[in-house]
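Take a look at the letters that make up each chain.
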Amino acid sequence: MLQYLIILLDDTSTSYCHYENPKKDAGLIPLNILKAGIRFGMVENLMIQFVYPDYELPGEYKEAIESIDHSKIVSSLCNDKSLADEADVIVFHDWSGISYAMTFPDKSYVLRTTKAKLFERYLFLKEFLSKVARLNIVITDIETFDDGDYEQYKLILHTLSENIEKMYVDGLAPQLNLLTDRIMLKEMNNCGAGDTNITLAPNGKFYICHAFYIENEDDCIGDVKRGLDIKNKQLYKLKYSPICSHCDAYQCKRCVWLNRKTTLEVNTPSHEQCVVAHLERNSSCELLKSIRKHGKFLPETEIQEIDYLDPFDKRKEW
Ligand code: SF4
């Protein structure tokens, strides 16, 4: 069921996920489209998330935005510094400004990073995690992982897991999507693009997500005047994903854009996406056991030991 409407305020609105936004020329959403999008969200009872560009919006846009309950997704590079205080999610596109986050410890952060930078700099995360409410790490080149990368990623997750265990012992409750989400989840909690959320672009058309808009503006799923028209909409649902519906890596993003890019099917994940998510799942299992050595912790949660890293390898048992 649709729950969220994501509104891109500009063609240069920040990426907050796997895809890059190469658009450099401002293309502000027309005010009447913004208002029509807000109306659509109200009528459909959707929670609205606004994705900001890096420049300050005109006053009448701020007024329209504040007319409805919403969340703000803002890049750390945004020139409108007043937004840093108001933002619900602040996105880092590299590691250089990460210490800036310490100024706003109550916020959620997204760090978009390549695997190479993560492998090189993950030790910086220890202090960061102890200072902020939540960190989501998005690896922007998951599809390039190979066997050597998997080994290295496993070791990095192990180190981060040890750090998090110590923080729990010290009375902190750090949240890192890669390791703590699976511990808290009892069912799939994936991105949900095309299923629980859709995106309105500045051209007044709806898209499965921001990445689909960037890749091909003709690939729309309706518009604010005529409403939604999602072709084969069942394909965006977990039930119609033969591999994912047999999986318990509940924290996985299950990125349909990445699926289409790597396998040409929105409901079929790549091997790389699955292995990376299972390394995180298994490390979460270890983290849970380690924290429980220090006392009762989420006694009802069970993460089973498994002997595979890609559910596709178990398809004969389904
Ligand atoms: S790990 Fe693979 S099978 Fe499991 S939810 Fe993620 S993409 Fe789907």
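Conventions and cut-offs
As a convention, each chain's residues are numbered from 1 in the sequence order in which they are written. A pLDDT threshold of at least 70 governs which residues receive local features in this predicted model, and a stricter bar of 80 or more applies before side-chain atom pairs are shown or counted, although totals over entire chains, interfaces and linings include all residues. Side-chain numbers come from the whole structure's heavy atoms, not from hydrogens or water. Put simply, two rings from Phe, Tyr or Trp (the six-membered ring, in Trp's case) pair if the centres are within 6.5 Å, and we call them stacked under 30 degrees between planes, edge-to-face over 60, tilted for the rest. The numbering of helices and of strands both runs from the N terminus, where a helix is a DSSP run of H or I of at least 4 residues and a strand a run of E of at least 2. Residue exposure (1.4 Å probe, protein chains only): buried if accessible area is under 20% of the type maximum, exposed if over 50%, otherwise partly exposed. The set of buried Ala, Val, Leu, Ile, Met, Phe, Trp, Tyr and Cys residues whose side-chain atoms join them within 4.5 Å is what this entry labels a nonpolar core. Between any two strands, at least two bridges found by DSSP are needed for them to pair. Residue proximity to a molecule or strand is established when one non-hydrogen atom of the residue lies within 4 Å of it. In this analysis the probe radius is 1.4 Å and the grid spacing 1 Å, with only protein atoms considered; a cavity is a set of points the probe fits into but cannot get out of, a pocket is an open set with protein on both sides within 12 Å along at least five of seven lines, and lining residues have an atom within 4 Å of a point. Cavity and pocket membership follows a simple rule, namely that a molecule belongs there if more than half of its atoms are within 2 Å of the grid points. Side-chain classes are defined by residue name, with Ala, Val, Leu, Ile, Met, Phe, Trp, Tyr, Cys and Pro counting as nonpolar, Asp, Glu, Lys and Arg as charged, and the others, Gly among them, as polar.

A. Broad picture of the packing of aromatic side chains. Applying the stated rule across the entire model yields 11 aromatic pairs. Between Tyr19 and Trp257, the aromatic rings sit 6.3 Å apart at their centres with planes inclined by 80 degrees, giving edge-to-face as the arrangement. Highlighted residues: Tyr19 in the loop between strand 1 (4-8) and helix 1 (31-43) and Trp257 in helix 9 (residues 256-263), separated in sequence by 238 residues. Grouping residues by exposure puts Tyr19 and Trp257 together as buried. Note on Tyr109 and Phe128: the rings are 5.7 Å apart at their centroids and 70 degrees apart in plane angle, and the pair reads as edge-to-face. Linking Tyr109 in strand 5 (residues 108-113) with Phe128 in helix 5 (residues 125-131), this pair joins segments that are 19 residues apart in sequence.

B. Highlighting the nonpolar core. Residues Ile7, Leu34, Phe50 and Tyr153 are the most contacted members of the largest nonpolar core, which totals 93 residues. At 8 residues, the largest contribution of residues to this core is made by helix 6 (residues 147-169). Listed in part, the 7 residues of the second largest apolar core include Ala249, Tyr250, Cys252 and Ala277.

C. Summary view of the sheet that holds strand 5. Strand order in the open sheet made by the 8 strands is 6-5-4-3-2-1-7-8, with mixed pairing throughout. On the outer flanks of this sheet lie strand 6 (134-139) and strand 8 (206-207), each paired with one strand and no other. The pairing of strand 7 (residues 197-200) with strand 8 spans 2 bridges and is antiparallel. When the bridges of strand 8 are listed, Leu200 appears paired with Phe206.

D. Examining the site of the ligand more closely. The immediate surroundings of the ligand are formed by Met188, Ile243, Cys244, Cys247, Ala249, Cys252, Arg254, Pro269, Cys274, Ala277, His278 and Pro311. Given that more than half its atoms are within 2 Å of the pocket grid, the ligand belongs to the largest cavity. Looking at the shell around the ligand residue by residue, the class counts come to 10 nonpolar, 1 polar and 1 charged.

E. The arrangement of unusual backbone geometry in detail. Notably, Asn232 is not glycine yet its phi reads approximately 50 degrees, a positive angle. Inspection of the secondary structure puts Asn232 in the loop between strand 10 (227-228) and helix 9. The backbone of Arg254 shows a phi angle near 50 degrees, a positive value even though the residue is not glycine. Secondary-structure assignment places Arg254 in the loop between strand 10 and helix 9. When its relative accessible area of 8% is taken as the criterion, Arg254 is described as buried.

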